[in-house]
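So you can see what is in the structure, the chains are spelled out below.
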Amino acid sequence: MIIQFIKHYRYIFTIISIFLCTSLHAKNIKLSPEEINKENVYSYTVHQLEKAYAIIQELKKQGKMEEYELFQLEGDYYFNRGNYIRALLCYKHILHTPEAEHNNEIKMDTYYRLIPCYKELGSYMLMNYYADRLLAISKEKQDVKMEATAIFSKGEIQHAYGKKQKAYALMQEAIDKLRQKGLALSYDLGYYFYITMAEYQQKDKLAVQGLHTLDTIMALFGNTVYPNGTGMNVLTVRRLKDIYAHRTVLNYMKGNAEASEMWYQKFCNTGNDSTYNYECIKPYLVEKAHYADIERFAKARKAYLISINDTVSTNYADIYDMLAMACLHKGKYKEAIQYLKRVNEIHRNKSNMERKIVMKELVAIDSLQLQKLHTKRLQVYGTNGIIGVVVLLLVCVGCYFCYTYRMRRIMKKKNAAMAATIDDLLHCKKKYKEQLEATDKEVEENIVHEDKNKELYKKMKAWLSQESVFTRSELNREEILKRFNIPKNTFSSLFIQYEGMTYIQFVATLRLEFAVRMLRRHPEYSIDYIANRSGISVPSFYRLFSQKYGMTPAEYRENTSKDAKDL
């Protein structure tokens, strides 16, 4: 029973034992005060893991850093080592610290780190959840770098779901957004976007597009230096090695064997980095049957991991897979089977751990959603309670009025019974009174209606009589109806009632009177100008003027000028 328990949870015991061993080992490392800073954690993570971990422990003891910064530093340490599960736990702790509770900047930075963790663990649903949250906060904060990261991550998720066209569109959108603000915003992020897209294009066998992406990387970053004064080129030896590896594979896919071999030689001659992961060049090595190189690269990588005491089993999966291929080629089938068993065991343990983490995350997310729903439900219950009280009060008031009305009816009936002897007289009196009230009401309504119409007409006439209004040629009935809210059937009757003419005649009279004043006061103006200034077309002006005054405008002007001379 105990053996089965240990066998079932061996992966967890391995992690705990590694943690304890590393902690014990870290205590024996001596550090100078100058070495104890978070920058050295990142630099020592590559070659001196124990020293990097010891610095983290010293920083914790000093207590000079915020709690969330320590979790962030430790999470980055585990992530760079490839221990994504431990990194994930550290990043999740940040979200529960007091500093992150009301600080969107810290939350955004944590989501930025959680997304690649879930990507490496293959949990695309949770990766999408945090990508959505990062996108929402980054848009609110107008942080282009974080917004581009969220969009690119959603592209990677779409690619994982098989929606490749949409995936590449989102990746390109993220790149365009970053380039619009300038790649200097983050050279490392820009390079990551391009090289990751090239990796996906290599997986999808899009050789032409992949080579174009690599050409773009060289054009943008080939001679670019970090602006921090170090003089370091953006394309480090490690990154050049990545580019050469992808060029090798993509040229081979394209059918250009000579070019692929040339780039492979450049790959082999560039740097001697034992920390390099040869996964991206593996397709070419397998296709060309370079099993000696496969074995050499795998053993070098394994020796490096052993030298830095890196016992995280997931780092060995690719190494054992490459060694298994080399053994199969040499005919060492037993050794190949042993390596494949180790690979299978690593993946199985990793999958079990991933499932547990994903389930915990889903439970946590569901709990948060349920808590929000519970809060909303309480709010709804409170609102419904208030509405219920108001409705109850209204019902009570209604019942009171109904009761009062009923009692009054009863009293009326009793009074009617007591006055039965004069019922006919009361009936006649009531009838005459109702008729009188109806007549008075009708008269009153007519008077009120008449007063309203008269007041409305006064306002309308005053507005129409303004020179700036009636001289507008575009003045029409609909504008007046809309302005004064007058029914169409009432509009015409108002002019006939108060002016004895139609609306058109009234406006024409105002315009002609205005034209007459213009003819008298401004002999220098032409008749056509005066017609247009009055708001009447020239032909209509001559016709209307002749009809009203019995002479043409020119004759009127001439007579007026003669009268003026006589005076």
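Residues numbered from 1 in each chain as written. Predicted model: local features only at pLDDT ≥ 70, side-chain atom pairs only at ≥ 80, totals over all residues. Heavy atoms only, no water.

Caption draft 1: Highlighting a nonpolar patch on the surface. On the surface, L328, Y333, I337 and L340 cluster together into a nonpolar patch covering about 390 Å² of accessible area. Of the residues forming the nonpolar patch, the biggest block, three residues, is contributed by helix α19 (residues 333-418). With respect to the element layout, I337 can be found in helix α19. Judged by its relative accessible area of 45%, I337 is partly exposed. (Patch = residues over 30% accessible without salt bridge, like charges linked within 9 Å, V, L, I, M, F, W, Y side chains within 5 Å. Areas by Shrake-Rupley, 256 points an atom, 1.4 Å probe, with all protein chains shown as cover. Salt bridge = Lys/Arg side-chain N within 4 Å of Asp/Glu carboxyl O. Helix = DSSP H or I, 4+ residues; strand = E, 2+ residues; numbered from the N terminus. Buried < 20%, exposed > 50% of the residue type's maximum accessible area, 1.4 Å probe, protein only.)

Caption draft 2: Quick peek at unusual backbone geometry. Of note in this structure, K205 is not a glycine but carries a positive phi near 60 degrees. Following the sequence through the fold, K205 ends up in the loop between α12 (187-203) and α13 (207-221). A positive phi angle, close to 55 degrees, is found at N485, a residue other than glycine. Looking at the element boundaries, N485 is found in the loop between α22 (477-484) and α23 (488-499). A relative accessible area of 67% places N485 in the exposed class.

Caption draft 3: Expanded view of the nonpolar core. Among the nonpolar cores identified, the biggest contains 102 residues, and F193, I217, F221, F267 and I281 are the most heavily contacted of them. Looking at this core element by element, the count peaks at nine residues for α12. Sequence-distant contacts of I281, defined by excluding residues within four places in its chain, comprise A245, T248, V249, Y264 and F267. I486, L512, F514 and F541 belong to the second largest nonpolar core, which has 31 residues in total. (Core = buried A, V, L, I, M, F, W, Y, C linked by side-chain atoms within 4.5 Å. Contact = heavy atoms within 4.5 Å.)

Caption draft 4: Seen up close, the packing of aromatic side chains. Summed over all chains, the structure comprises 31 aromatic pairs. Judged by centre distance (5.7 Å) and plane angle (65 degrees), the ring pair of Y400 and F401 falls under edge-to-face. Each member of the pair, Y400 together with F401, is exposed. For the ring pair Y549 and Y556, a centre distance of 5.9 Å and an interplane angle of 45 degrees mean the geometry is tilted. When its relative accessible area of 26% is taken as the criterion, Y549 is described as partly exposed. Judged by relative accessible area, Y556 falls into the buried class, the value being 11%. Each member of the aromatic cluster is reached from another via a ring pair, and the members are Y457, F491, F495, Y498, Y503 and F506. One cation-aromatic arrangement involves K241 over F267; the distance from NZ or CZ to the ring centre is 4.4 Å. The ring centre of W263 lies 4.9 Å from the NZ or CZ of R247, which sits over that ring. (Phe/Tyr/Trp six-rings, centres within 6.5 Å; stacked < 30°, edge-to-face > 60°. Lys NZ or Arg CZ within 6 Å of the ring centre and 35° of its normal.)

Caption draft 5: How the structure looks around α12. Counted at 1.5 Å a residue, the expected span for α12 with its 17 residues is 24 Å, and the 24 Å between its end C-alpha atoms agrees. Burial runs high along α12: 13 of the 17 residues are buried. Looking at the residues trailing α12, positive phi occurs at K205, about 60 degrees. (Expected span 1.5 Å × (residues − 1).)

Caption draft 6: Structural view of the confidence of the model for the chain. Here the chain averages 79 in pLDDT, and 82% of its residues register 70 or above. Scored below 50 in pLDDT, residues 1-27 makes 26 contacts in the model with residues more than four places away or belonging to other chains. (pLDDT = per-residue confidence, 0-100.)

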